[in-house]
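Examination of the molecular architecture
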Amino acid sequence: EFAQLVYYHACPREDDPSCAFYKRHSDYIDGDRHRVQGVRIYTIFMYLNDVPAGGGTRFTDLSPPVTFQPEKGKAILWPSVLADEPNTIDPRTHHEALPVLAGEKFGANFWIHMHDFRTAHHTGCTMG
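What comes next concerns the included structure. (Residues numbered from 1 in each chain as written. Predicted model: local features only at pLDDT ≥ 70, side-chain atom pairs only at ≥ 80, totals over all residues. Heavy atoms only, no water.)

Before going further, it helps to spend a moment on the sheet that holds strand β9 (residues 95-97). The strands making up a sheet associate through backbone hydrogen bonding, with each pair oriented either parallel or antiparallel. The strand order β5-β4-β9 describes an open sheet built from three strands, whose pairing is antiparallel. Of all strands in the sheet, those with a lone pairing partner are β5 (66-68) and β9, marking the two edges. Each strand axis lies, on average, 20° off the axis of its neighbour in the sheet, ignoring direction. For strand β4 (residues 57-59) and β5, the ladder comprises three bridges, and the chain directions are antiparallel. Its bridge partner being in β5, Thr-57 is matched across the sheet by Phe-68. (Pairing = 2+ DSSP bridges. Helix = DSSP H or I, 4+ residues; strand = E, 2+ residues; numbered from the N terminus. Axes fitted to C-alpha atoms, helices over the stretch in contact; angles between N-to-C directions.)

Spelled out as structure tokens, the structure:
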């Protein structure tokens with residue numbers, strides 16, 4: 001899948017409606033099981049700058065939950081599926097982007113599908 005660049009600005013406070021962040025979710029898309037490219041099997045998220053406060057990526061369903069703090073050049077790689085069942089979501093990798101409390105956050109998402117996404121996209125075959 002094509003890279004997605006993301007930008008998050010600082011929040012005046014954590015519960016402010018202007019905060020830009022993602023609540024708990026998975027990068028697995030069940031509908032992709034029947035598409036040419038298949039499901040997303042891995043996510044790579046790269047931090048493009050240092051963030052003075054907040055802005056971490058928290059894996060909510062690990063015990064205990066694990067948070068990675070943004071540092072320029074750091075990347076996180078995680079699976080979206082189970083190793084022995086690659087069409088089945090790995091429930092341990094639900095995650096969220098925490099609000100940026102100071103400064104700003106720039107990042108890049110890279111999603112790796114089970115099969116070739118770019119050729120399918122180029123020929124218009126990513127929808128089914």
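Text resumes after the structure shown.
If you walk across this open sheet you meet the four strands as β1-β11-β2-β6, and the pairing is antiparallel. Both edges of this open sheet fall to β1 (4-9) and β6 (75-79), since each of them pairs with a single strand only. When the angles between neighbouring strand axes are averaged without regard to direction, this sheet yields 20°. Bridge count between β1 and strand β11 (residues 104-113): six bridges; the pairing is antiparallel. Each residue of the ladder has a partner; that of Val-6, found in β11, is Gly-107.

This next bit is on the pattern of salt bridges. Tallied over the entire structure, the rule returns seven salt bridges. We note a salt bridge from Arg-92 to Asp-90, for which the minimum N-O separation is 2.6 Å. (Salt bridge = Lys/Arg side-chain N within 4 Å of Asp/Glu carboxyl O.)

Residue placement: Glu-14 occurs in the loop between β1 and β2 (40-47). Measuring from C-alpha to C-alpha, the distance between Glu-14 and Pro-99 comes to 6.3 Å, with 85 residues separating the pair along the chain. Ignoring sequence-local partners within four residues, the contact set of Glu-14 consists of Cys-19, Pro-99 and Leu-101. (Contact = heavy atoms within 4.5 Å.)

Per the counting criterion, the structure on display carries five aromatic pairs. On the basis of an interplanar angle of 80° and a centroid distance of 5.1 Å, the ring pair of Phe-45 and Tyr-47 is categorised as edge-to-face. Phe-45 sits in the buried class, given a relative accessible area of 5%. Considering the side-chain rings of Phe-59 and Trp-78, the 4.9 Å spacing of their centres and the 80° angle between planes classify their relative orientation as edge-to-face. Remark: Trp-78 occurs in strand β6 and Phe-59 occurs in strand β4; sequence separation between them is 19 residues. Per residue, the accessibility class of Phe-59 equals that of Trp-78, and both read buried. Following the ring pairs from residue to residue traces out a cluster consisting of Phe-59, Phe-68 and Trp-78. Of note, Arg-40 hangs over the ring of Trp-111, and the distance from its end group to the ring centre comes to 3.8 Å. Above the ring of Tyr-8, the side-chain terminus of Lys-105 is found at 4.6 Å from the ring centroid. (Phe/Tyr/Trp six-rings, centres within 6.5 Å; stacked < 30°, edge-to-face > 60°. Buried < 20%, exposed > 50% of the residue type's maximum accessible area, 1.4 Å probe, protein only. Lys NZ or Arg CZ within 6 Å of the ring centre and 35° of its normal.)

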